[in-house]
Every structure is written in C-alpha cells, then in structure tokens.
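# Structural characterization, general
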Amino acid sequence: MAEYKLTTPLTDDDVIQLRAGDVVLLSGVIYSARDAAHKKLCELLETGKAPPFKLQGAVIYYVDPSPAPPDRPIGSAGPTTSYRMDFFAPRVYSYGLKASIGKGKRNGETRKAMRDYKAVYFGAAGGAGALLSSSIVESQVIAFDELGPEAIREMKVKDFPVLVINDAHGGELYAAPDLKAAGAE
Amino acid sequence: MRTIQIKDITEAVADMCMKAGAELPGDVYARLQQAKEKETSPTAREILRQLLENADMAKKTRLPLCQDCGIAVLFVEVGDDVRIEGGNIREAVNAGVRKGYAEGYLRKSVCDPFTRANTGDNTPAVIHFDAVPGDKLRIVFLAKGGGCENMSRVTMLAPAQGWEGVKRFVINRVADAGANPCPPTIVGVGVGGAFDRAAELAEKALTRRLDDIHPNPDIAAKEKELETALNKLGVGPMGLGGETTVLGVKIAAEPCHLACLPLAVNIQCHSHRRKEVVL
C-alpha cells in the first residue's frame, strides 16, 4: 500500500495510479455537500444550470461540521455515512467529480460510475471530527446558505488524511463480514 | 418530600450536553485503549490510535468529539418523594438541551421529518420518563448520531426462534451495518416488552457503563457470548478489518406477550457520548 500527496483539482492521472488501501494526504480546495445539498446540486444539473463550483476534477467531502468556535476556522468535521449520497453520486461523478470522501460502503451504481468516469472514493476516520478539523485551514459557505448546517462549503485543506476505499479499477478495501466465524451463516 | 427547582434541571441538562459532547467516558476510552493493544492489524491499530488522539484533542480544545452531536435522548427517573417547583419538567429538559447545544458549539441536527427544515436548536429531545422510589431525580443523557441510529432495527421474532434467533438477528444486523455506524460500536439489545418497549429497552441498555456486569448471570453470559461472536465478524475499526467490531454488548430484557418475541438492536458508535446526573 502506497502513500501519496495529492493537490486538488485532481487529474485522471492522479486518480488512475491509486489502489484500494493506499493512503493519501490531500491538499488544496475541497467542497462539503451532504443529503440536502446533493438534492439541490442535482436539480441544478438536471435543468442545465451551472453548479456552484466546478465539478471537473473536484473533491466532495460528505461532511456537515459543528459550528466553528470563535478561535477556529471550523468546528468538528468528520465524514458522514456515504450510502445516502448514492442516490445522487453517479450523476455527480458523470460531471467530472474525481473523488468523494465519506465512510461506509457504496452501492453498485456508484462503484460502476467510479470505474466509468475514472474516479475514486476515499474514507476518512468516522468519529474523529476534532482531529480531522486540524487539517482544515479555511472554510466558508459558498452556496445553499438556506440549508443551514447542510450548506455547501469551500474548504482549504492541508495534508487531509484519507484512505482509498474504492479505486477507479473496481478495487475495494472493505471485506465481507465473516458470518460463519460468528456462528450466524 | 424534597423540592427540586426547575432551573436546576435546565442547568444540569445543559451541562451534561456540553460535557458529553467533548469528553469520551473513561470506560469507553479504556476499552479503545485495550482494543488497540490487542489488535494485530496495523490499519486497525492506526484507526484506534486516531480515535484516542481525537478524544484527547476534543477534551483539550473542547471541540466536539464528532461533528454529529446527535439527537439528545434523555432518561429521566423521578423519585416518588420529589416535588418539582417552578415549571414543567419536559420544558425544562428541552430548555437545557437548547442551552447546552448553543453554548457548547454543538451541531443542531434535528429537523422536520417531511420538510426537513431544521428546528434550529436541536429540540425536541427524546425524553423517557419513569417513576421510581426515593427522593432523587436521575437524568441520563445520550447523544445519538444519525449514522449509527440508521443501522438500528426492531423486529418481532416468533417465540420458537428463541435465543438462537436473537443471536442470529443481532449478528446479521452488525454485519450488514459494516462500516456505516462507525465501528467499533456498542450494541444495545432490547428483548421482550412489546414492539415499542423493546426499542426503549435497547436504548436504555446503552446507558450502562461498558465495564459493568449484568446482575442476572444468565444475561451477563449472553452479553459475553454475543460480544465474542460479533468480534469474530472481522468488520473491525471503521470497517477496515480487525478483531474489534464491538466494544461491548448490553442486553435489557423484560417479560412479553406469550405470542411474541420483540427484539430491538440499537447500535451506538464508538463516540459513545453518555452522561449522568443525580439531583
């Protein structure tokens, strides 16, 4: 398992070299979006309107941080569970998204979209939001302010630690649970 | 009769919300440490190291342990010899949640189920009241995050399925949940009562300390049996494999209808924000 330092926006070459299990330290600009923001983002795409940020080469982080205390750029900021975004993810990947960051397994359609459009899915440590926030140096809401905590944020990250869960070649890091060993097959 | 002022209840609840948000209970921290020592997989050890570092950092900086500061669930036990003065206890608890989530910079995650409009202050809380003997008021607070809550289930088994059926359902639930609920998790199992009561029992089971032992030796053995089985699933910390899929299993059981075997599985993430106060 290799370790990479990558800077956004990501290119096809950046993504193709990655294999499930690789560690990546991400720097540059990434965007937050979760359930409600994805719904609105896809409504814009359906009607041919421009998304609030350039999707080509972009990285979306499935996060909805806690409020920033006065002395910090952002509050606690760990990943939310990704399968809820699978309703929208294949569409967003088709517009050039190169990576999403979350936790938990993706569905077949999203995994296929990652193969078809040369993209990846990163996992970040769920429940380590205080720690992960220390890799986010700037954060500001850029769209869908009306969604409150679910608004889209532009975040500047420095060496944000992620693991490749699904690569662009069909590789996956999550293994199937061993029901036989647990006595429940 | 002892008199408790309503404002003291609000203050106590606000304080619990803030402390629970940033301080991992000692018994949970200790279990994570033990798990890290025991794990042989470097990935599992690294994830557990990050979770411990996260807990240290949250305690020091007062940043929330997790950005999902949960829906507030409170168990309120009112002693028979307690008189509450100055207002309504449900309103006092909600006022405490409102205050704690605002002042603690905790995320407000409660919304209308249909319009999805955020209520803005993390209320209403889920409050379970109980009448108990004595002259004390005991409140236990749990912050339930959405990721693990979504992996919880209630089912009605046939009585013939018995303990084997219970075991099979719990194991399959934890297996299917995989990485979603932020393993290593704590599994609350409610057995008996009725459909609604089983869910409440499963939640209430999570209010126990991880290092306690169930007073009924048969149930204590069943907790151990399930914990051992679940840790053979290989889901591991954050679903990346390893021997620590759960930090503990807590069972709460009650008599039920002779035609039924109600069962609820409430999965709680490793960020087990739990706090208790006795007034």
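Note that the structure is a prediction, hence the values are computed from the model and not measured.

Within chain B, the regular secondary structure consists of eight helices and 10 strands. The C-alpha atoms of chain B give a radius of gyration of 19 Å, which matches the 19 Å a tight globule of 279 residues would have. Each principal axis of the C-alpha atoms in chain B carries an extent, and together these give about 55 × 50 × 40 Å. For chain B, the proportion of its 279 residues judged to be buried stands at 56%. Contacts in chain B between residues at least 24 apart in sequence constitute 82% of all its contacts with a sequence separation of at least 6. When the accessible surface of chain B is summed, it comes to about 11,500 Å², and 54% of that surface belongs to carbon and sulfur atoms. Side-chain charges of chain B comprise 36 positive and 36 negative groups, with the mean position of each set lying 3 Å from the other.

To continue, consider the interface of chain A and chain B. The interface of chain A with chain B comprises 43 residues on the first partner and 36 residues on the second. Carbon and sulfur atoms make up 62% of the area that chain A and chain B hide from each other, which totals about 3,100 Å². Viewed at the interface, chain B and chain A are joined by one salt bridge. Linking B:Arg107 and A:Asp64 is a salt bridge whose minimum nitrogen-to-oxygen distance equals 3.6 Å.

Here we come to the domain arrangement of chain B. Residues and elements named next belong to chain B. What the domain assignment reports for chain B is domain 1 (2–23 + 65–144) and domain 2 (146–273). Computed over C-alpha atoms only, the centres of domain 1 and domain 2 are separated by 25 Å. Tallying the contact residues gives 16 residues for domain 1 and 15 residues for domain 2. Roughly 1,300 Å² is buried in total at the junction of domain 1 and domain 2, and carbon and sulfur atoms are behind 54% of that figure. Among the residues of domain 1 in contact with domain 2, Phe75, Leu142 and Lys144 are the three that bury the most area, contributing 47% of the side total. Across the contact surface, domain 1 and domain 2 share three salt bridges. Between Glu203 and Lys144 there is a salt bridge; the shortest N-O distance is 4.0 Å. There are six residue pairs in polar contact (both at pLDDT 80 or more) connecting domain 1 and domain 2. Breaking the side of domain 1 that touches domain 2 down by element, the ones donating at least two residues are α1 (6–22), β2 (71–79), β4 (126–132) and β5 (137–144). Looking at the side of domain 1 that touches domain 2, its residues break down into 10 nonpolar, two polar and four charged.

A word on α1(B). Because the α-helix completes a turn every 3.6 residues, residues three or four places apart line up on one side. Taking 1.5 Å of rise per residue, 17 residues should cover 24 Å, and α1(B) covers 25 Å from first to last C-alpha, within 8% of that figure. Of all the positions in α1(B), only B:Ile6, B:Ile9, B:Thr10, B:Ala12, B:Val13, B:Ala14, B:Met16, B:Cys17, B:Ala20, B:Gly21 and B:Ala22 are classed as buried.

Going through the model one piece at a time under the given rule, you end up with 43 salt bridges over all chains. One salt bridge in this structure joins A:Asp116 and A:Lys112, with 2.7 Å as the shortest N-O distance. You can see A:Asp116 and its partner A:Lys112 sitting in helix α4 (residues 108–116), four residues apart, about one turn around the helix. Connected through salt bridges with shared partners, the residues A:Arg34, A:Asp35, A:Asp64, A:Arg84, A:Glu150, B:Asp68 and B:Arg107 form a single ionic network.

All names here are of chain B. Contact geometry of α1 with helix α4 (residues 89–103) gives a least axis separation of 7 Å together with a crossing angle of 40 degrees. In terms of axis orientation, α1 runs oblique to α4. Both α1 and α4 take part in a crossing whose hand is right-handed. Within the contact between the two elements, α1 uses Ile6, Ile9, Thr10, Glu11, Val13, Ala14, Cys17 and Met18 and α4 uses Ile89, Ala92, Val93, Ala95, Gly96, Val97, Lys99, Gly100, Tyr101 and Glu103. Tallied by class, the residues present in the contact of α1 with α4 amount to 12 nonpolar, three polar and three charged.

With that settled, the discussion passes to the nonpolar core. A:Ile60, B:Val187, B:Val189 and B:Leu230 are the most contacted members of the largest nonpolar core, which has 84 residues in total. The element that contributes the greatest number of residues to this core is helix α3 (residues 42–61) of chain B, accounting for seven residues. There are two domains that each give this core at least three residues, and those are domain 1 (2–23 + 65–144) and domain 2 (146–273) of chain B. With sequence-adjacent residues up to four places away left out, B:Val187 is seen in contact with B:Val170, B:Val174, B:Leu206, B:Leu230, B:Val246, B:Gly248, B:Val249, B:Lys250, B:Val265 and B:Asn266. Judged by nonpolar contacts, the second largest core, of 27 residues, contains B:Ala20, B:Val78, B:Val97 and B:Ile139.

We now examine the layout of surface pockets. Sizing a probe to match a water molecule and rolling it over the atoms shows the empty space that remains. Taken as a whole, the largest pocket holds about 1,100 Å³ of empty space. Lining the largest pocket we find 48 residues, and of these A:Arg34, A:Glu150, B:Ser109, B:Cys111 and B:Arg116 sit closest to its centre. Mapped by element, the contributors of at least two residues to the lining of the largest pocket are α2 (35–46) of chain A together with α5 (146–149) of chain B. Here the lining of the largest pocket gets five residues from one element, more than from any other, and that element is α2(A). Here the lining of the largest pocket is composed, by residue class, of 14 nonpolar, 16 polar and 18 charged. Three or more residues apiece are contributed to the lining of the largest pocket by two domains, here domain 1 (2–23 + 65–144) and domain 2 (146–273) of chain B. Quantified by volume, the second largest pocket comes out at close to 540 Å³. Forming the boundary of the second largest pocket are 28 residues, of which A:Pro161, A:Leu163, B:Glu46, B:Ile47 and B:Gln50 lie nearest the centre. Of all the elements in the fold, those that place two or more residues in the lining of the second largest pocket are α5 (129–133) and β7 (152–166) of chain A together with α3 of chain B. Residues belonging to the lining of the second largest pocket are distributed by class as follows: 16 nonpolar, eight polar and four charged.

About the cut-offs
- Residues numbered from 1 in each chain as written.
- Chains lettered and ligands numbered in written order.
- Predicted model: local features only at pLDDT ≥ 70, side-chain atom pairs only at ≥ 80, totals over all residues.
- Heavy atoms only, no water.
- Helix = DSSP H or I, 4+ residues; strand = E, 2+ residues; numbered from the N terminus.
- Rg over C-alpha atoms; globule rule 2.2 N^0.38 Å.
- Buried < 20%, exposed > 50% of the residue type's maximum accessible area, 1.4 Å probe, protein only.
- Contact = heavy atoms within 4.5 Å.
- Areas by Shrake-Rupley, 256 points an atom, 1.4 Å probe, with all protein chains shown as cover.
- Lys, Arg positive; Asp, Glu negative; His and termini not counted.
- Charge placed at Lys NZ, Arg CZ, Asp CG, Glu CD.
- Buried area = accessible area lost by both parts, 1.4 Å probe.
- Salt bridge = Lys/Arg side-chain N within 4 Å of Asp/Glu carboxyl O.
- Domains from an automatic or database assignment.
- Polar contact = N/O pair within 3.5 Å; in protein donor to acceptor, adjacent residues only side chain to side chain.
- Nonpolar A, V, L, I, M, F, W, Y, C, P; charged D, E, K, R; others polar.
- Expected span 1.5 Å × (residues − 1).
- Axes fitted to C-alpha atoms, helices over the stretch in contact; angles between N-to-C directions.
- Parallel < 35°, antiparallel > 145°, perpendicular 65-115°, else oblique.
- Left-handed = near helix turned anticlockwise from the far one by under 90°.
- Core = buried A, V, L, I, M, F, W, Y, C linked by side-chain atoms within 4.5 Å.
- 1 Å grid on protein atoms, 1.4 Å probe; cavity = no way out; pocket = protein on both sides within 12 Å on 5 of 7 lines; lining within 4 Å.
- Points joined across faces, edges and corners; volume = space filled by probe spheres on them.

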